[in-house]
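Coordinate inspection notes
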Amino acid sequence: MASVTVATSAALPLGMAGGQAAYQVKARSAAWSTCRASRPSSLPLSSARLSTCKQRRISLAGRTSRRLVVVSDATTTYTLPDISDEKLAEHYLAGPLASSSDASNTALLRSLADRLGRHLGWDVETDSLDQQKFRRLFHYYIPTYLWAKKQLAKRQESGDSSPLVVSISAPQGCGKTTLVTALQVLFTQDGITPAIVSLDDFYLTYEEQCALAASFPGNELLEFRGNAGTQDQALMKQTISSLRSGTPVKIPRYDKSQHGGRGDRVPESEWETVSNADIVLLEGWMLGFSSLPKDEVTAVDERLVPVNEFLEGFQECVYDQTDCWMVLQVADPNFVYEWRLQAEHGMRARGKPGLSDDQVADFVSRFMPAYQAYLPKLYKDAPPGGVEKEILRIAIDRDRNVMEVAQ
């Protein structure tokens, strides 16, 4: 048996239960004490850089692997993930989204992973594919893509040649843009033409937003972009309708960095013209929110009353034109604060103006009443008009990884 020196950690084994481990590691000593490893999981074991601590001598039962992921401090059974052909399908099927996509073809999975990995700058065949990257590829992006592709195939088999409109509801900062980009890459490479549309791109112009705020003095929920009422619903309806009919249409774009982070729509001359799309991916933080009785929104926040009225227009301009749904669910909407901070820090690091930390806190606080009022119904019931439509629900944790799925 090969002998290696490691330190214990509490990392999960690529989303797999201990009984599904490809290999086992047996301790030579029964004495265990606390020890932390500084080795990133992406580094080969031979290059491990361990922090100063008491290390453990362990033996590998079975053939050696390039990487070692430890399950916990309290057990002597560990997972050595293996992404060889014979194990790849097994790993994929262990993910929470596998049943929604009905795929276990190893060649297909590896092809999708290689292509998407190259786009993301990840090498699937080396140790740079660490635990989180593995989960993102095989337990999130790929099965979500296969689910969407299955919905498109069903539509085309029914004889309907119009584009499939998939509305993606997800709180701000949870990674929906990265997900949509991954879907766009894979669809394009498979010869399927996607149209990418964001709710953000239909925000009112800066001047229009200022006028709206003046119409509701003292209502912070409508002072800046975000809540229902701050979008151009007529433009949204016309754009989606044109995409569905195959008519060439310019997709508006919005620059959030303008006006000190308050944002503005970019000139129409810079909008992209799209026609003959096969699938439309429409993403937005409040898609799926539906108006509630006045007393219910008042109980949450009286400032929501006009927002609730504006929300009624989404039924006609978006929901009636949606064919199926993805709903990314979070256990705690307060994650949005952290995610938004990360986004703004990233913008400033790229040299773009963005909100300060205090401005982020103020900005996000204006969305919280809507989350409190509308998320419970969205998570409990089908989105508006979605009772007979396919819905993929995905639970996302604080690190933007998939936790579970329900259909």
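As the structure is a prediction and not an experimental result, all values here were calculated from the model. (Residues numbered from 1 in each chain as written. Predicted model: local features only at pLDDT ≥ 70, side-chain atom pairs only at ≥ 80, totals over all residues. Heavy atoms only, no water.)

**A look at unusual backbone geometry**
- You will see that His-259, though not glycine, has its phi angle at about 55 degrees, which is positive.
- Tracing the chain through its elements places His-259 in helix H8 (residues 258-261).
- Overall, His-259 belongs to the partly exposed group, its relative accessible area being 37%.
- A positive phi is found at Arg-400, a non-glycine position, where the angle reads about 70 degrees.
- Among the structural elements, Arg-400 can be located in the loop between strand E12 (390-396) and strand E13 (402-406). (Helix = DSSP H or I, 4+ residues; strand = E, 2+ residues; numbered from the N terminus. Buried < 20%, exposed > 50% of the residue type's maximum accessible area, 1.4 Å probe, protein only.)

**Re the nonpolar core**
- Ranked by size, the top nonpolar core spans 54 residues in total, and within it Trp-285, Phe-289, Phe-314, Val-318 and Tyr-374 carry the most contacts.
- Examining the composition of this core, we find that seven residues originate from one element, helix H14 (residues 368-380), more than from any other.
- Apart from the residues within four sequence positions on either side, Tyr-374 is in contact with Phe-289, Ser-290, Ser-291, Leu-292, Val-297, Leu-304, Asn-308 and Leu-311.
- Of all hydrophobic cores here, the second largest spans 45 residues; its members include Leu-186, Ile-279, Leu-281 and Ile-396. (Core = buried A, V, L, I, M, F, W, Y, C linked by side-chain atoms within 4.5 Å. Contact = heavy atoms within 4.5 Å.)

**Notes on the packing of aromatic side chains**
- For the structure shown, the criterion picks out 14 aromatic pairs.
- Ring geometry for Tyr-203 against Tyr-254: centres 5.4 Å apart, planes inclined by 70 degrees, an arrangement best described as edge-to-face. Here Tyr-203 is found in the loop between strand E5 (194-198) and helix H6 (206-215), whereas its partner Tyr-254 is found in strand E7 (residues 254-255), with 51 residues between them in sequence. Assigned by exposure class, Tyr-203 and Tyr-254 land together as buried.
- A ring pair is formed by Trp-285 and Phe-367, whose centres lie 4.8 Å apart and whose planes are at 85 degrees; its orientation type is edge-to-face. Separated by 82 residues along the polypeptide, Trp-285 in the loop between strand E10 (279-284) and helix H9 (294-300) and Phe-367 in the loop between helix H13 (357-365) and H14 bring together distant segments of the chain.
- For Trp-285, a relative accessible area of 2% translates into the label buried.
- In this structure Phe-367 comes out as buried when scored by relative accessible area, which is 3%. (Phe/Tyr/Trp six-rings, centres within 6.5 Å; stacked < 30°, edge-to-face > 60°.)

**Some words on the environment of Glu-302**
- If you trace the backbone, Glu-302 turns up in the loop between H9 and helix H10 (304-311).
- In this structure, the C-alpha to C-alpha distance between Glu-302 and Pro-369, residues 67 residues apart in sequence, is 9.5 Å.

**A closer look at the side chain of Gln-321**
- Residue position: Gln-321 is located in the loop between helix H11 (314-317) and strand E11 (324-330).
- Exposure remark for Gln-321: the relative accessible area of 10% places this residue in the buried category.
- When residues no more than four places from it in sequence are discounted, the contact partners of Gln-321 are Val-165, Lys-237, Ile-240, Ser-241, Arg-244 and Glu-316.

**Focus on the layout of surface pockets**
- Quantified by volume, the largest pocket comes out at close to 1,100 Å³.
- Lining the largest pocket we find 40 residues, and of these Thr-177, Ser-198, Asp-200, Lys-256 and Glu-283 sit closest to its centre.
- Every element with two or more residues in the lining of the largest pocket is listed here: helix H5 (176-189), E5, E7, strand E9 (272-274) and helix H12 (335-349).
- Top element by residues in the lining of the largest pocket is H5. It accounts for six residues. (1 Å grid on protein atoms, 1.4 Å probe; cavity = no way out; pocket = protein on both sides within 12 Å on 5 of 7 lines; lining within 4 Å. Points joined across faces, edges and corners; volume = space filled by probe spheres on them.)

**Some points on the pairing of E12**
- Taking burial as the measure, the seven residues of E12 include six buried ones, the bulk of the element.
- Looking at chain direction, E11 and E12 are connected through seven bridges and run parallel. The residue bridging Gln-329 from the neighbouring strand is Ala-395, located in E12. (Pairing = 2+ DSSP bridges.)

**Thoughts on the packing of helix H3 (residues 106-120) against H5**
- Relative to each other, H3 and H5 sit at 125 degrees, their axes nearing to 10 Å. Considered as vectors, H3 and H5 are oriented oblique to each other. At the point where H3 passes H5, the crossing takes the right-handed sense. Across the interface between the two elements, Leu-112, Arg-115, Leu-116 and His-119 from H3 touch Thr-181, Ala-182, Val-185, Leu-186 and Gln-189 from H5.
- Along the lines of polarity and charge, the residues of the contact of H3 with H5 split into five nonpolar, three polar and one charged. (Axes fitted to C-alpha atoms, helices over the stretch in contact; angles between N-to-C directions. Parallel < 35°, antiparallel > 145°, perpendicular 65-115°, else oblique. Left-handed = near helix turned anticlockwise from the far one by under 90°. Nonpolar A, V, L, I, M, F, W, Y, C, P; charged D, E, K, R; others polar.)

**Quick look at helix H1 (residues 85-93)**
- Burial in H1 covers these residues: Leu-88, Ala-89, His-91 and Tyr-92. Projected down its long axis, H1 shows its buried positions confined to an angular sector of 160 degrees, all on one face.
- Packed against the buried residues of H1 are helix H2 (98-101), H3 and helix H4 (131-157). (Arc of directions from axis to C-beta.)

**Considerations on the environment of Pro-306**
- With respect to the helices, strands and loops of the structure, Pro-306 is situated in helix H10.
- Each C-alpha atom, one on Pro-306 and one on Ala-228, is 8.7 Å from the other, the two residues being 78 residues apart in sequence.
- Apart from the residues within four sequence positions on either side, Pro-306 is in contact with Phe-216, Asn-219 and Leu-222.

**As for H3**
- With 15 residues, H3 should reach 21 Å at 1.5 Å per residue; the first-to-last C-alpha distance of 21 Å fits that figure.
- Along H3, the residues that are buried comprise Thr-106, Leu-109, Arg-110, Leu-112, Ala-113, Arg-115, Leu-116 and Gly-117.
- At its buried positions, H3 is contacted by H1, H4 and H5.
- The N-cap residue of H3 is Asn-105: its side-chain oxygen and the backbone nitrogen of Ala-107 are 3.0 Å apart.
- Just past H3, the residue Gly-121 takes up positive phi, approximately 80 degrees. (Expected span 1.5 Å × (residues − 1). Polar contact = N/O pair within 3.5 Å; in protein donor to acceptor, adjacent residues only side chain to side chain.)

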